[in-house]
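What follows is each chain in one-letter form.
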Amino acid sequence: MFELKYKTPKEWAKNVVEDFDTFLQDHAAAEKKASGMAMGMIGHYPDKTKLVRAMTDLAIEEMIHFKQVLKLLGERGITLGKDKKDDYVKLIRTVIRQGRDDYLLDRLLVAGVIEARGHERFSLVADALEQSKEKEFYVAIAKSEEKHKNLFIELACEYYEEERVYSRLEEILVFEGEICENLPWTAALH
């Protein structure tokens, strides 16, 4: 449906694998936050039936992923860790315009771009891991993120004209690419 403007180098994933425990803690936090975001959208837009159904399914799926990451953490003897501010999410959310109509469109598109970045980076992690259950898990997670990326764009097209959706998506993709180019690499998804 769309391509990210910034391509994360494979070296990023090598750094992640070197501090995989920290990455797992960050991944768990990201899944928990994603589930909360989906629930929040249900609360803000109860009149949008397709969105409510989609976000209900998404919230459940993200919590399942959270539970799966918790299991990986437990197997490694690692605690969940405290939630940290995600500078990437904080920065990309600044592109969201105010006003009910613009806000929903931008929120859907930003969510789609965040999921696309997750797809890209989980795929890189899967490629960097040796054959293991963790590798298989990240292959599956990457596929899931790709579906989520498309879901948000499909929802945007459900409620807005396609031309408006893709025009605004292009602006957000450029902005997101600039964010990624300037953020330091850490053992975190973003």
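Each remark here, short or long, concerns the structure printed above.
Residues numbered from 1 in each chain as written. Predicted model: local features only at pLDDT ≥ 70, side-chain atom pairs only at ≥ 80, totals over all residues. Heavy atoms only, no water.

Peer 1: Is there a simple way to explain the overall build of the chain in this structure?
Peer 2: For the chain, the count of helices and strands is seven helices and zero strands. Ordered by position from the N terminus, the helices and strands of the chain form the series α-α-α-α-α-α-α. For the chain, whose C-alpha radius of gyration is 16 Å, the value lies close to the compact-globule estimate of 16 Å for 190 residues. Expressed along its principal axes, the backbone C-alpha trace of the chain runs to roughly 45 × 30 × 25 Å. (Helix = DSSP H or I, 4+ residues; strand = E, 2+ residues; numbered from the N terminus. Rg over C-alpha atoms; globule rule 2.2 N^0.38 Å.)

Peer 1: Which parts of the structure should I look at to understand the nonpolar core?
Peer 2: What tends to happen in soluble globular proteins is that the nonpolar side chains get buried as a cluster. One finds Phe-2, Met-55, Leu-108, Leu-109 and Val-113 to be the most contacted residues of the largest nonpolar core, which totals 38 residues. Breaking this core down by element, the ones donating at least two residues are α2 (20–44), α3 (49–75), α4 (87–92), α5 (100–128), α6 (133–159) and α7 (162–182). Per-element tally for this core: the top contributor is α5, with ten residues. Filtering out sequence-adjacent residues up to four positions away, Met-55 remains in contact with Ala-38, Met-41, Ile-42, Leu-151, Phe-152 and Leu-155. Counting residues in hydrophobic clusters, the runner-up holds 22 residues, among them Ala-13, Phe-20, Leu-73 and Tyr-138. (Core = buried A, V, L, I, M, F, W, Y, C linked by side-chain atoms within 4.5 Å. Buried < 20%, exposed > 50% of the residue type's maximum accessible area, 1.4 Å probe, protein only. Contact = heavy atoms within 4.5 Å.)

Peer 1: Could you clarify how one ought to interpret the packing of aromatic side chains in this entry?
Peer 2: The geometry of two aromatic rings is summed up by the distance between their centres and the angle between their planes. Following the criterion strictly, the structure yields seven aromatic pairs and no others. With a centroid separation of 6.0 Å and an interplanar angle of 70°, the aromatic rings of Phe-20 and Tyr-138 are classed as edge-to-face. Residue Phe-20 is found in helix α2, and its partner Tyr-138 is found in helix α6; the two are separated by 118 residues along the sequence. With respect to class, Phe-20 is no different from Tyr-138; both count as buried. Here the aromatic rings of Phe-122 and Tyr-138 are separated by 5.5 Å at their centres, their planes lie at 40°, and the arrangement is tilted. Placement of the pair is Phe-122 in helix α5 and Tyr-138 in helix α6, with a sequence separation of 16 residues. A relative accessible area of 1% means that Phe-122 is categorised as buried. Tyr-138 gets classed as buried once you look at its relative accessible area, which sits at 0%. Joined through ring pairs, the aromatic side chains of Trp-12, Phe-20, Phe-23, Phe-122, Phe-137 and Tyr-138 make up one cluster. Sitting over the ring of Trp-12, Arg-121 keeps its end group 4.9 Å from the ring centre. The lysine or arginine in question, Lys-149, covers the ring of Phe-2, its NZ or CZ lying 4.8 Å from the ring centre. (Phe/Tyr/Trp six-rings, centres within 6.5 Å; stacked < 30°, edge-to-face > 60°. Lys NZ or Arg CZ within 6 Å of the ring centre and 35° of its normal.)

Peer 1: Please explain the side chain of Glu-115 as it appears in this structure.
Peer 2: Its location among the elements puts Glu-115 in helix α5. Summary of buried charges: Glu-115 has no salt-bridge partner, and the nearest side chain of opposite charge, Lys-149, is 11 Å away. Other than its neighbours up to four places away in sequence, Glu-115 contacts Glu-62, Glu-145, His-148, Lys-149 and Phe-152. (Lys, Arg positive; Asp, Glu negative; His and termini not counted. Salt bridge = Lys/Arg side-chain N within 4 Å of Asp/Glu carboxyl O.)

Peer 1: Would you explain the side chain of His-148 in this entry?
Peer 2: If you trace the backbone, His-148 turns up in helix α6. His-148 sits in the buried class, given a relative accessible area of 3%. Dropping the residues within four chain positions of it, His-148 is found in contact with Leu-58, Glu-61, Glu-62, His-65 and Glu-115.

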